[in-house]
Structure formats: structure tokens, C-alpha cells
Amino acid sequence: MMQFTTKLEKIRREALMAIRPRLETIEEISTVNTAKTLAAFRKHRVSGHMFNFSTGYAYDDVGRDTLELVWADICGAEKALFRTQFCSGTHALASVLFGVLRPGDELISAAGAPYDTMQSVIGANRITPGSLRDWGISYREIPLLDESVDEESLIASITEQTKMVLIQRSRGYSLRAPLMLADIERLCSRIKAVKPDCICFVDNCYGEFVETKEPTQVGADIMAGSLIKNPGGGIAPTGGYVAGRAHLVELASYRLTAPGIGSEVGSSLGASRLLYQGLFMAPHVVAQAVKGAVFAAKFFALLGYETSPQVDEARTDIIQAIKLNTPDNMVAFCRGLQKHSPVDSHVRPVPSGMPGYDDAVVMAGGTFVQGSSIEMSADGPLRPPYAVYLQGALSFEHAVLGVLGAASELPGIED
Ligand SMILES: *Cc1c(COP(=O)(O)O)cnc(C)c1O
């Protein structure tokens, strides 16, 4: 490709050659997940009238209600919420925490500190107004052991008071390994073995459709995520979801709307088709993103950077961490990625503070849907080890161009 230097072009070809077998595996997973999705659409007779506009209370909005049955089936869950009334993944996750937990209960985070915005929701580091801890819910986190869950300490720390364990599947802004479905299955079964009524709650952000099952199919009681990540397929304009055991999802719905009303209201305002279409596309789009992540891992490894996961490691989320070692490199990477975005390509990313985040964050995201990270985007807090977290791509081709664009801005790349 003429727009990049001969050196980068050569590395592109080498990386593509090396990852070919991995790409085929990713396509297989996408086919299984597409079949699963189609089966759920067929079972619930998805049809055109479900895309109609609803208004007001939207009682009996058949489009909204059917979509939630479809998503519950895909996830092997008893009940689901899958809707635009969730403003974000954090909102969906918070509705589960506040819906289910009561003063005096204890929440444990299994994999060290949770995602930055969840720390504010919990009041993990300081009791912030309105946080879980402000409501009298106690909280502990089990520090990571060698960058993974310290299972023995986790199991030993569960007491009568422990109502819920939060299991974050994806790595968040950290270099720990994400939790594979097999890990989640083992964790849930070990937790249940010591306290059968302890609720296993999975933060499933970035994990949907990366493997062929979801956490609620391997022992999780409830999970939540964002529709501007994987399950929205890049088409959902906003939203979040919760899925799991019926009584727990019901409790979360009381927090989303109001006790007694729950999931029975919430107008689609015409977004139903976009949610259905996005969900239908999601297995394919997630596969594009995962392919892009694998390409980035190989490409940056060839450039001499540490990447996580490495190219041959198994994947359970769409995130690719690249350790760039300096804040300047992080900003340059994001600048290059932004230049190769379809929207706002002329905008120059600068690090800044963000609601819910403690450190300054630099982000590249020239996306059609604001903040969408199933579209190609990169971000990272400006703190050691100065890693950027690259995720998403609506097409593999775009991922390849974005990665080359990001690399071409790195200071000294041609030396
Ligand atoms: C994205 C994400 C969230 C929620 O973030 P929102 O920006 O509110 O959607 C929570 N946990 C993890 C691990 C995430 O990746």
C-alpha cells in the first residue's frame, strides 16, 4: 500500500502470513455464533412489525420484549434486559449491583481492582457519594497473584456475609490475562462449592461472541455489558444489557426503572431495528475485531513491542494491549489511529480527565457512534506501563490500516 513506508508494508505482509491459521479459527467461532443467533431469531419469529416505533410507557412493546427473549436464549439465560434505556455498560453493571445488594451485604471483586468506572460505582478507593459503600455495602478485592486470579485467597475470603462475587472477564486497563470461559466456569463452581447461594456476577464487557459460549452458560448467575461494544454489532446507537437468573434480572430492572415497574416499560423510540440488526451482525463484527487484535499483536511484536495477549494466546475478549513504554508513544499511536478513522480523522487526540476515571486518559475513536469501542478505537490511562488498549473494528481491512497508521506516527519508527 503506497501510503505506508516500505518497511511497514513489509511487516504487514509478514504479519498477515503468520496469522493466517488464527484467522480461520476466528471465522469458525463466528459461524457457530451466527448459527446460535439465527436459531434464536427463528425460535422467536422475529419479524418486521417488531421494528415499529413505540412511545410513552411502551407497555407491550413486542419488539423490545422479543429482543430480550432472543438475547436470553443466545446466552442460555432465564431472562434478559437488552435495551437503549441503559446509557452505558457501567449503568447496566451498576443496576445489577444496586438492584441485588442490600446494606450489610459484602461484595468481593475476584480479579483485583475492577474497571475504572466500576471503582467509582463501588466506592472502592474512597466512599464516593451514592456509591455502593455509601449505601452500607462492604467491599473487598482479592489482589492478583502473578497477574491472574488468586483462587485460593478468593475462596478462603468468602464468608456468610459475601452476597456476590464480581468477576471481570476482560482485562480492563491492566495487563492481566482476561478470564477465559473455562476459568469463569471453574471460579463459579468453586465459589458455589463453599457458598451455594453466593451470586456470581460477570462483567462481560468486550467478551460477547469471542468464544462460543457466554458466562451464563457456564455457571454465572448474572452478567451485564454494553451495546456499544460487542453485542451491538457496531449498529446499536446506545444501550446495555443484563442477563441471567430471572429473579436477579428482575431486581436489576427495578433499579433501571422503578420497583414494581421493572422491564415492562421503556419506549424504543424507533431503535428496535438497529438493536436487532446489530445483534445479528455482532458475531461477524466481533470476529473482525478479534482478527484485527491478532494482527496488531503480530505487527507490534515484529516492531519489537511487548503485546498482550501475544499472537498465539487464546482469546476471550477483543482487547489488544500494546506496551508502548512512554506517554509520547501512547499519544502518537492514538494520533495515527485517529487519522485512519472514518469520522473525525482531522481531530488530534490529547490526554485529558474523564468522568469516572482517576488518571488522564488518551483516546482515539473516530467512530460513527460516540464512544463506541466495537468500532476501532484505542485508549489508555497515562500511567506506567504506558500501554494502549486497542479494540474493535467493523472490518478487518480497517483494522489493518489503522494499525499501520498508528505505527507510522511512532517517533523514530524508521530508525
Ligand atoms: C467498557 C467496560 C465497562 C463499562 O464501561 P462503559 O464505558 O460504561 O460502557 C465496564 N467494565 C469493563 C471491563 C469494560 O470494558
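Everything that follows concerns the structure shown earlier in this document.
Since we're looking at a predicted model, the values are computed, not measured.

Caption draft 1: Quick look at the side chain of K291. Summarising the element assignment, K291 is placed in helix α8 (residues 272-302). Look past the residues within four positions of K291 in its chain and what remains in contact with it is L23, I26, E27 and F396.

Caption draft 2: Main features of the nonpolar core. If you look at the biggest cluster of nonpolar residues, it comprises 130 residues, and the most contacted ones within it are W71, L97, I167, V242, F299, F300 and F333. Ranked by residue count, the leading element in this core is α8, at 15 residues. Here this core spans two domains, and each of domain 1 (6-33 + 280-409) and domain 2 (53-269) adds at least three residues to it. Apart from residues no more than four positions distant in its own chain, V242 is found in contact with K79, A80, L81, F86, A92, S95, V96, I222, M223, A224, V249 and A252.

Caption draft 3: Molecular detail of the site of the ligand. Taken together, S88, G89, T90, L93, Y115, Q168, D203, C205, Y206, S226 and K229 make up the full set of residues near the ligand. Between the ligand and S88 there is a distance of 3.3 Å, counted from an oxygen atom to a side-chain nitrogen or oxygen. Within the side chain of K229, a nitrogen or oxygen atom sits 2.9 Å from an oxygen atom of the ligand. In isolation the ligand offers 380 Å² of accessible surface; the protein chains occlude 89% of this area.

Caption draft 4: Representation of the sheet that holds strand β4 (residues 162-168) in the model. Read across the sheet, seven strands follow the order β1-β7-β6-β5-β4-β2-β3 without closing on themselves; strand pairing throughout is mixed. Lying at the two open borders of the sheet, with one neighbouring strand each, are β1 (79-83) and β3 (138-141). Across the sheet, the axes of successive neighbouring strands diverge by a mean angle of 15 degrees, strand direction being ignored. Of the strand pairs in this sheet, strand β5 (residues 199-203) and strand β6 (residues 222-226) are connected by three bridges, and their pairing is parallel. In the sheet register, V202 faces β6, and the bridge partner there is M223. Across the sheet, helix α3 (residues 89-100) touches β2 (106-109), β4, β5, β6 and β7 (240-244), and the angle it forms with β6 is around 155 degrees.

Caption draft 5: A look at the packing of helix α1 (residues 6-43) against α8. It is at 8 Å that the axes of α1 and α8 come closest, and there the two elements cross at 160 degrees. By the criterion of interaxial angle, the relationship of α1 to α8 is roughly antiparallel. At the point where α1 passes α8, the crossing takes the right-handed sense. When grouped by side-chain class, the residues that make up the contact of α1 with α8 number 20 nonpolar, five polar and six charged.

Caption draft 6: Representation of the sheet that holds strand β8 (residues 306-308) in the model. Pairing in this open sheet of five strands is antiparallel, and the strands run β8-β9-β12-β11-β10 from one edge to the other. With one partner strand each, in any of the chains shown, β8 and β10 (361-364) form the two edges of the open sheet. The average undirected angle you get between the axes of adjacent strands in this sheet is 20 degrees. Where β8 and strand β9 (residues 320-323) come together, three bridges link them in antiparallel fashion. Across the sheet, residue S308 finds its bridge partner in β9, namely A321. The strands touched by helix α9 (residues 327-339) are β9, β10, β11 (377-381) and β12 (387-391); relative to β10, the strand with the most contacts, the crossing angle is about 25 degrees.

Criteria and cut-off values
- Residues numbered from 1 in each chain as written.
- Predicted model: local features only at pLDDT ≥ 70, side-chain atom pairs only at ≥ 80, totals over all residues.
- Heavy atoms only, no water.
- Helix = DSSP H or I, 4+ residues; strand = E, 2+ residues; numbered from the N terminus.
- Contact = heavy atoms within 4.5 Å.
- Core = buried A, V, L, I, M, F, W, Y, C linked by side-chain atoms within 4.5 Å.
- Buried < 20%, exposed > 50% of the residue type's maximum accessible area, 1.4 Å probe, protein only.
- Domains from an automatic or database assignment.
- Near = heavy atom within 4 Å.
- Polar contact = N/O pair within 3.5 Å; in protein donor to acceptor, adjacent residues only side chain to side chain.
- Areas by Shrake-Rupley, 256 points an atom, 1.4 Å probe, with all protein chains shown as cover.
- Pairing = 2+ DSSP bridges.
- Axes fitted to C-alpha atoms, helices over the stretch in contact; angles between N-to-C directions.
- Parallel < 35°, antiparallel > 145°, perpendicular 65-115°, else oblique.
- Left-handed = near helix turned anticlockwise from the far one by under 90°.
- Nonpolar A, V, L, I, M, F, W, Y, C, P; charged D, E, K, R; others polar.

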